[in-house]
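# Summary of the model geometry
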Amino acid sequence: MANVKNKNDAITPRDEDFAQWYTDVCRKAELMDYTSVKGFITYLPYGYAIWEQIQKELDIRFKEAGAENVYLPMVIPTSLFNKEKEHIDGFAPETLVATIGGGEELADPLIIRPTSEVLFSDLYKKLVSSYRDLPKRFNQWCSVVRWEKTTRPFLRGSEFLWQEGHCLFETQKEAEENTLKMLSIYDEVGRDVLGIPFVKGKKTEHEKFAGAVATYTIEALMHDGKALQAGTSHYFGQGFAEAFGIRFLGRNNALETPHQTSWGVSTRLIGAVIMVHGDDNGLVLPPKVAPIQVIIVPIRQEAEGILPKCQEIANCLKKQGIRAKIDDSDHTPGWKFAQWEMKGVPLRIEIGPRDLAEGHLMLSKRYNGEKLVLPIEEAEASLPKVLDAIQEEMYQKAKAHLERSVVDVDSIETLNAALEKGGYARMAFCGGEECELKIKEITKGGTARAIYKEEVPEGTLCPVCGKPATMVVYFAKAY
RNA sequence: CGGGACGUAGCACAGCUUGGUAGUGCGCUACCUUGGGGUGGUAGAGGUCUCGGGUUCAAAUCCCGACGUUCCGACCA
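Residues numbered from 1 in each chain as written. Chains lettered and ligands numbered in written order. Predicted model: local features only at pLDDT ≥ 70, side-chain atom pairs only at ≥ 80, totals over all residues.

## Quick look at the overall build of chain A
Counting secondary structure elements, chain A contains 14 helices and 23 strands. Taken over the C-alpha trace, chain A has a radius of gyration of 25 Å; the compact-globule value for 479 residues is 23 Å, and the two agree within 12%. Summarising its shape, the C-alpha atoms of chain A cover approximately 80 × 55 × 50 Å along the three principal directions. The burial tally for chain A puts 43% of its 479 residues in the buried class. Excluding contacts between residues fewer than 6 apart, the proportion of contacts in chain A whose partners are at least 24 apart in sequence is 68%. (Helix = DSSP H or I, 4+ residues; strand = E, 2+ residues; numbered from the N terminus. Rg over C-alpha atoms; globule rule 2.2 N^0.38 Å. Buried ≥ 20, exposed ≤ 12 C-beta atoms within 10 Å, placed from the backbone. Contact = placed C-beta atoms within 7 Å.)

And the structure:
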């Protein structure tokens, strides 16, 4: 494997080569491994465990919002897929298609789902016939396949794990509310679980989802100043419903067409966590997503009373629902420190003979290296609070980084200079696709990430075409 | 899809120019030693040199092709 260093070598410094640093962390924190098919990765236990935490936190909130989990097939007949024109045009170039089954060529080749709008539409057509059947709020945890040309672990894969929620409503108002509600859940999970602040807003015409009326997004800021689309929520209007013939008898006994939404986040969130919080010593996980929240490292573990004390502390943490682990392997303490730092465990406890004699524990916070001395009798009450504090501090740190990066600009030159530096630049423009493309060309990759607001001061002109500006948009270079 | 780099033990690499018995470091196994920031030592196990063709008495090494990884760009909700 080219460019992947020995597990015991230091990883590439983050500010020296961010892309290489990212790859090093993915490999050395044992989150994933490559496989023999391009763009398809193995999610190793530690990486998958992070995904399970994310799933758990999202799933609870989805269900509170009325969603029910379902599972639909992973293949879509080509004939069905072709029903919504904009949608096919968006996805056709990146589909993987099965053409042979049981040795026989298939009359209607099967598309491995790149997303399941058409399957859900086809299902809803069967399930919905009255306003009494609405709303429908289905969610599916699955993987999807998109034949990507450039792939990177977690950020863009040929196959990735995600959830896709697909809802159907009687009215436009309900559907639009649902679109924003799900976006707010993503935002909340970012804040409370991932420790990631987002720039939120509607996508421009050019950036919105194939087949959507409106797409809303949460955009994170990576440490290197590039943006990452972390989740989207779409309002589809009645487009899919019309294309697939979903209709219901309304309250007034007239046939009506429902309004549809969809929303999704993927294992890309793992990539976001790595790139927002990670540092030169490896991964840094916020407590809420960490598979191991507290690692207990015994010092001179063969000495009398050390391991029993570790066990006692671990049990007391587990009782409180904290994911704690004792590393009683026969590596040296120094090795263990480096190892668990690489894996991003948010809090380390050291217990040695000296500590026992003096009645305290040594704590070390992963995200800033801060060391604390804690009297043993306070451990039970204090440790959960320390974890909560770490969660909050990590969010605040990332939020400060995001807020510092946002600048307001009003010309191509100032936009270019801002994007060159990294971060988000807010600029008023006309909202036209042509101007957006020009901006991308001039700034070498700057794209409209999200609309900040759809009103501008009287007389503001688009810096590209000179026509009246209609919106203020967050621009950034993105992954 | 275009350009660059790379593919040899679990991992990182040397060997290739000038073809001739498969090497180093880390990791792994056993034992000793050490232990509050990747201890030190001794002995071991581990390889169809990515794959497919070709040249040759002989290919990790030379030639052609495929695949994969990686970086940059284009493309991408």
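## What to know about the packing of helix H2 (residues 45-64) against helix H6 (residues 172-194)
Here H2 crosses H6 at 140°, and the two axes come no closer than 11 Å. When the axis of H2 is compared with that of H6, the two are oblique. For the pair H2 and H6, the sense of crossing is right-handed. Residues Glu57, Leu58 and Arg61 of H2 pack against Ile185, Val189 and Val193 of H6. In terms of residue class, the contact of H2 with H6 is built from four nonpolar, no polar and two charged. (Axes fitted to C-alpha atoms, helices over the stretch in contact; angles between N-to-C directions. Parallel < 35°, antiparallel > 145°, perpendicular 65-115°, else oblique. Left-handed = near helix turned anticlockwise from the far one by under 90°. Nonpolar A, V, L, I, M, F, W, Y, C, P; charged D, E, K, R; others polar.)

## Points about the domain arrangement of chain A
As far as domains go, chain A holds domain 1 (18-277), domain 2 (292-389) and domain 3 (405-477). At the junction of the two partners, domain 1 supplies four residues and domain 2 supplies four residues. (Domains from an automatic or database assignment.)

## Here we look at the sheet that holds strand E15 (residues 294-298)
Here five strands make up an open sheet; going across it, the order is E16-E15-E17-E18-E19 and the pairing mixed. The outermost strands of the open sheet, each flanked by one partner alone, are strand E16 (324-326) and strand E19 (371-375). If you compare each strand with its neighbour and ignore which way they point, the axes differ by 25° on average. Summarising the sheet, E15 and strand E17 (residues 347-351) pair through five bridges and their orientation is parallel. Its bridge partner being in E17, isoleucine 296 is matched across the sheet by isoleucine 349. (Pairing = 2+ DSSP bridges.)

## Details of helix H9 (residues 306-319)
The first and last C-alpha atoms of H9 sit 20 Å apart over 14 residues, in line with the 20 Å expected at 1.5 Å per residue. Along H9, the positions that sit buried rather than exposed are Cys310, Ile313 and Leu317. Each buried residue of H9 sits inside an arc of 65° when the element is viewed along its axis, so together they form one side. Relative to its buried face, H9 has exposed residues pointing more than 90 degrees away, namely Pro308, Asn315 and Lys319. Check the buried side of H9 and you find it contacts E15, E16, E17 and helix H12 (379-405). Just downstream of H9, glycine 321 is the residue with a positive phi angle, here 80°. (Expected span 1.5 Å × (residues − 1). Arc of directions from axis to C-beta.)

## Describing the environment of alanine 241
One can find alanine 241 in helix H7 (residues 239-244). The exposure class of alanine 241 is buried, given the 22 C-beta atoms found within 10 Å. For the pair alanine 241 and leucine 183, spaced 58 residues apart in sequence, the C-alpha separation works out to 22 Å. Not counting chain neighbours up to four residues away, the residues in contact with alanine 241 comprise Ser121, Ile246, Thr257, Pro258 and Gln260.

## Side note on the sheet that holds strand E5 (residues 96-101)
Strand order across the open sheet formed by three strands is E4-E6-E5, with antiparallel pairing between neighbours. Looking at strand neighbours, the two that pair on one side only are strand E4 (75-77) and E5, the edges of this open sheet. The average undirected angle you get between the axes of adjacent strands in this sheet is 45°. Relative to strand E6 (residues 104-112), E4 runs antiparallel, the two being bridged by three bridges. Residue pairing in the sheet places proline 77 in a bridge with leucine 110 of E6.

## Concerning the environment of proline 375
Within the fold, proline 375 resides in strand E19. A C-alpha to C-alpha distance of 46 Å links proline 375 and valine 407, two positions 32 residues apart in sequence. Beyond its immediate sequence surroundings of up to four residues, proline 375 is in contact with Gly359 and His360.

## Some words on unusual backbone geometry
Omega for the peptide link from leucine 134 to proline 135 comes to -5°, which places this bond in the cis form. Considering the arrangement of structural elements, one finds proline 135 in the loop between helix H5 (117-127) and strand E7 (136-145). Phi is positive for glutamate 30, which is not a glycine, with a value near 55°. Looking at the element boundaries, glutamate 30 is found in the loop between helix H1 (18-28) and strand E1 (32-34). Assessed through the 15 C-beta atoms surrounding it within 10 Å, glutamate 30 is described here as partly exposed. The phi dihedral of asparagine 253 falls on the positive side, at around 65°, and the residue is not glycine. Topologically, asparagine 253 is positioned in the loop between strand E12 (248-249) and strand E13 (255-256).

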